[in-house]
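Coordinate analysis (summary)
The primary structure of each chain is shown beneath.
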Amino acid sequence: MSIKLGDASYEERVQEGVQNEFMRQAVASAQGRFRSGKQKQADKLGNWEDWRTLGEEIRTHTLENIDYYLQLLSDNVSKRGGNVFFAQTAEEANDYIQHVIKEKNAQKVVKSKSMVTEEIGMNEALEEVGADVVESDLGEWILQLDEDPPSHIVAPAVHKNKEQVKETFTEKKGYNQSSQPEELASFAREQLRQEFLSADVGITGCNFAVAESGAVTLVTNEGNARMATTIPDTQISVMGMERVVPTYEELDILVSLLTRAAVGQDLTSYVTSITGTRLEGETDGPEDYHLVIVDNGRSKILGTEFQSALHCIRCAACINVCPVYRHVGGHAYGSVYPGPIGAVLTPLLDGYEDHKELPYASSLCGACTEACPVKIPLHEQLIRHREIIVEQEKMTPRSERLAMKGFAKWGSSPAAYKMSTAMARSAMKPWTKDETVANGPGPLKGWTVNRDFPAPAKQTFRSWFKERQKGGES
Amino acid sequence: MKVSLFITCLCDMFSSDVGKDTVEILERVGCEVDFPETQTCCGQPAYNSGYLTDAKESMKQMMKAFRFSDYVVGPSGSCVGMLKEYPKLFENDLVWRDEAKRLADKSYEVTQFLVDVLGVVDVGSTFKGKITYHPSCHMTRILGVKDAPMTLLKHVEGADLTELPAKEDCCGFGGTFAVKNSMISGEMVKEKAAHVSETGADYLVGGDMGCLLNIGGRMRREGKHVKVAHITEILNQH
């Protein structure tokens, strides 16, 4: 896998999403749960807006000094016996991880959930060198069995329901019990326990890496990251370069924001911090530890107007409030990063060519911006992407460019504006019946396929106002 | 108090009654209303589509049109919200920067103006009917006007207000989004229309013509008999 998912066109993906009633119901009910959970947490804190401001300040400060904090992180991981590798590209990251796997002659790799490893296509790279890679997050494991990509950055299998999970388990793992979530989970637990015990290498992502101590911190509810980081002797953590935080104090605040914004919890069941290797006199920790810090296009965003997109703490709060996401699901975005943050981040990391529709996959309602716990102005960044697509990349159709030139003339000329508004009613007459346009011409078709369009009013406001001024009330 | 009406192109063309109601309400609370004739469109259709250069042509015209106004008041959270963005868009334009800031500072959405500037919460209207209110996204999130419309509606004598389920969700209008992403927009408006029906209200009320054209158009297509009214229409019943 890489950032781009599949070859279907944007239109095909949207259509497939909209027609998948099953998925839409599952997504809508998950969104409802996440949203009300987050709201309860915000109400409980009472000063959620202050928390957001603090979150934004921490992320802004860290990003503005990222060179310093990454160096500090790297020094501290090294001091704790770990190896740190800075990968400029996905290929460099995968090469390094492949090298570790080969050196260890590892047969089995157990993984905890990680978006950045999806982004760089690490699983496929490891399978190329003969390793058996097993996902240990329940959602990710289900998807791996089903060869289906994640559709949400926190709840990867949100598009599936328990019946589908049962089918997958039955077909791929010989499951023969009911679709009760408890039975499904206990089956997964038994299966995964064997994987943990027999794994040679554990690979995790990273929610936050604390620069002052070199601690890579993971937030889970299933405890799978703790299993993956305690059983195998060789550990690899893969992190996007922006995941660094200065000290444990900021970690505290960001984890508090993350768990509340993501799933409406005060804290997840497990918060795991790992610091390098087992040093002399210590009783636990891996023999070998590697931290892979991935750039893969991120440093190009630094210093640009999109820098705040790197503030993202991957909580999916924007996804959980997005009405577009609700109707099309995550796969319609064609990117490992779906939803509003995906529509902002994907073109930045992977270019406009394959993703030029994503910035338009938003009604610009601003629910994402309002939900973001670190105040990324997501809908404004979508507009900025549109400007780049129009004015720098020149990717929009000629007809649209001409129409907008026409708009500029219309909007800058009061005479043309007045004339066209006065004439609108008669111009629309051929398509008007009972004061309604039910089947409009040209671009209006996109409107009238779903709803009626009104006939322009008999009298424009400005002509009414003029008459009124001339001689009393009309 | 002298107030210039910013009619918005949608109301100018599709619902001149909204303009009339706005003028009459403002006059009733003691304002003197004028209508600068050279006003056009706030530029949002082009701006939201990524055509900033084209949008700015229209924006400059708006700045010229309202140059001499004390207050600019419009019946749309979205269009007034657009005016409020001008200072950011003209930040590096030495010719227009100050004018952009002046226009933004003196512009208000009509319910915001009534409640926050004039301190009027009761415009003396009477209306019999069951009403549900759709708080448009740009009114609440871009302009930040969350309470003023409801404050005014609560003081309408006889109005039976019922809350719209999932009211904060977008109706799917989004300007050119409704045409460009027709399929997604269509699903969004279907969902909104279903919520409106659930309330059993006779009137769907809102503060933005775009949303009302969208939701109203969908309700009409479905043969639903809910009437759609701009908030000024309710506030001008007396």
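Residues numbered from 1 in each chain as written. Chains lettered and ligands numbered in written order. Predicted model: local features only at pLDDT ≥ 70, side-chain atom pairs only at ≥ 80, totals over all residues. Heavy atoms only, no water.

**What to know about the overall build of chain B**
Note the threshold: A run of DSSP states H or I qualifies as a helix once it reaches four residues; a run of E qualifies as a strand once it reaches two. Both are numbered from the N-terminal end. Atoms considered for the radius of gyration are the C-alpha atoms alone. The globule rule reads 2.2 Å times the number of residues to the power 0.38. We call two residues in contact whenever any of their non-hydrogen atoms come within 4.5 Å of each other. Positive charges come from Lys and Arg, negative ones from Asp and Glu, while His and the chain ends are left out of the count. In this description, the location of a charge corresponds to atom NZ of lysine, CZ of arginine, CG of aspartate or CD of glutamate.
Each helix and strand counted, chain B has 13 helices and 8 strands in total. Relative to its length of 238 residues, chain B is compact, with a C-alpha radius of gyration of 17 Å against a globular reference of 18 Å. Principal axes of the C-alpha set define a box for chain B whose edges measure 55 × 45 × 25 Å. Taking all contacts inside chain B whose residues are at least 6 apart in sequence as the whole, residues at least 24 apart take part in 77%. Averaging the positions of the 27 positive and the 33 negative side-chain charges in chain B gives two centres separated by 4 Å.

**Quick notes on the packing of helix H5 (residues 77-89) of chain B against helix H6 (residues 97-106) of chain B**
All names here are of chain B. What counts here: Axis angles are defined between N-to-C directions and span 0 to 180 degrees, where every axis is a line fitted to C-alpha atoms and, for a helix, only to the segment in contact. Orientation is classified from the angle alone, with under 35 degrees giving roughly parallel, over 145 giving roughly antiparallel, 65 to 115 giving roughly perpendicular, and any other angle giving oblique. Left-handed is the label given to a crossing in which the near helix is rotated counterclockwise from the far helix by less than a right angle, and right-handed is the label when the rotation is clockwise. Gly is placed with the polar residues, together with every amino acid not listed as nonpolar (Ala, Val, Leu, Ile, Met, Phe, Trp, Tyr, Cys and Pro) or charged (Asp, Glu, Lys and Arg).
One way to put it is that H5 packs onto H6 with a least axis distance of 8 Å and a crossing angle of 150 degrees. When the axes of H5 and H6 are compared, the pair comes out roughly antiparallel. For the pair H5 and H6, the sense of crossing is left-handed. Judged by residue contacts, Leu83, Lys84, Tyr86 and Pro87 of H5 engage Ala100, Lys101, Leu103, Ala104 and Asp105 from H6. Among the residues forming the contact of H5 with H6, the class breakdown is 6 nonpolar, no polar and 3 charged.

**A look at the domain arrangement of chain B**
The extent of an interface is frequently quoted as the accessible surface area lost upon association of the parts. All names here are of chain B. This is how it is decided: Residue ranges assigned to each domain were obtained from an automatic or database domain assignment. Simply put, the buried area is the total loss of 1.4 Å probe accessible area from both parts when two parts are fitted together. Every case where a carboxyl oxygen of Asp or Glu lies within 4 Å of a side-chain nitrogen of Lys or Arg is listed as a salt bridge. Two N or O atoms count as a polar contact when they lie within 3.5 Å, although within protein this holds only if one can serve as hydrogen donor and the other as acceptor, and sequence-adjacent residues are included solely when both atoms are side-chain atoms.
Split into domains, chain B comes out as domain 1 (2-116) and domain 2 (122-235). Taking only C-alpha atoms into account, the centre of domain 1 sits 22 Å from that of domain 2. Facing 29 residues of domain 1, the contacting portion of domain 2 comprises 21 residues. Interface area for domain 1 against domain 2, summed over the two sides, is near 1,900 Å², with a carbon-plus-sulfur share of 70%. Connecting domain 1 to domain 2 are 0 salt bridges. Where domain 1 meets domain 2, there are 9 residue pairs in polar contact (both at pLDDT 80 or more). The class makeup of the residues in the side of domain 1 that touches domain 2 is 13 nonpolar, 11 polar and 5 charged.

**Some words on the sheet that holds strand E5 (residues 126-134) of chain B**
All names here are of chain B. Spelled out, the test is: Being paired, for any two strands, means DSSP has found at least two bridges between them.
An order of E6-E5-E7-E8 is seen for the 4 strands of this open sheet, with the pairing classed as parallel. The open sheet has two free edges, formed respectively by strand E6 (157-162) and strand E8 (227-230), since each of these has just one partner strand. Direction aside, neighbouring strands of the sheet carry axes that sit 40 degrees apart on average. Pairing between E5 and strand E7 (residues 203-206): 4 bridges, direction parallel. Each bridged residue has a counterpart across the sheet, and for Tyr133 the counterpart in E7 is Val205.

**Side note on the domain arrangement of chain A**
Considered domain by domain, chain A is made up of domain 1 (48-300) and domain 2 (417-470). Just the C-alpha atoms count here: the centres of domain 1 of chain A and domain 2 of chain A sit 56 Å apart.

**As for the nonpolar core**
How we decide: Take the buried Ala, Val, Leu, Ile, Met, Phe, Trp, Tyr and Cys residues and link them wherever side-chain atoms come within 4.5 Å; each set so joined is a nonpolar core. Relative accessible area decides the class of each residue, using a 1.4 Å probe on protein chains only: under 20% of the type maximum gives buried, over 50% gives exposed, and in between gives partly exposed.
Residues A:Leu73, A:Met239, B:Phe6 and B:Tyr86 are the most contacted members of the largest nonpolar core, which totals 184 residues. Looking at which element gives the most residues to this core, the answer is helix H12 (residues 248-263) of chain A, with 8 residues. Core analysis: the second largest hydrophobic core is formed by 21 residues, A:Ile97, A:Leu126, A:Ile236 and A:Val238 among them.

**Things to note about the state of the cysteines**
Keep this limit in mind: Whenever a pair of cysteine sulfur atoms sits within 2.5 Å, that pair is classed as a disulfide.
On inspection of all chains with the given rule, the structure shows 0 disulfides over all chains. With no disulfide of its own, A:Cys368 has A:Cys365 as its nearest cysteine by sulfur position, at a separation of 6.2 Å. Here B:Cys170 stays free of any disulfide, with the sulfur of B:Cys137 as its closest cysteine sulfur at 4.1 Å. With a relative accessible area of 6%, B:Cys170 lands in the buried category.

**Topic: the pattern of salt bridges**
By the definition in use, this model includes 43 salt bridges over all chains. Here A:Asp288 and A:Lys104 are joined by a salt bridge, their closest N and O atoms 2.3 Å apart. You can see A:Asp288 sitting in strand E10 (residues 288-294) and its partner A:Lys104 sitting in the loop between helix H5 (90-103) and strand E2 (108-111), a full 184 residues away along the chain. When salt bridges with common partners are traced through the structure, they connect A:Arg35, A:Arg326, B:Glu168, B:Asp169 and B:Glu191 into a single cluster.

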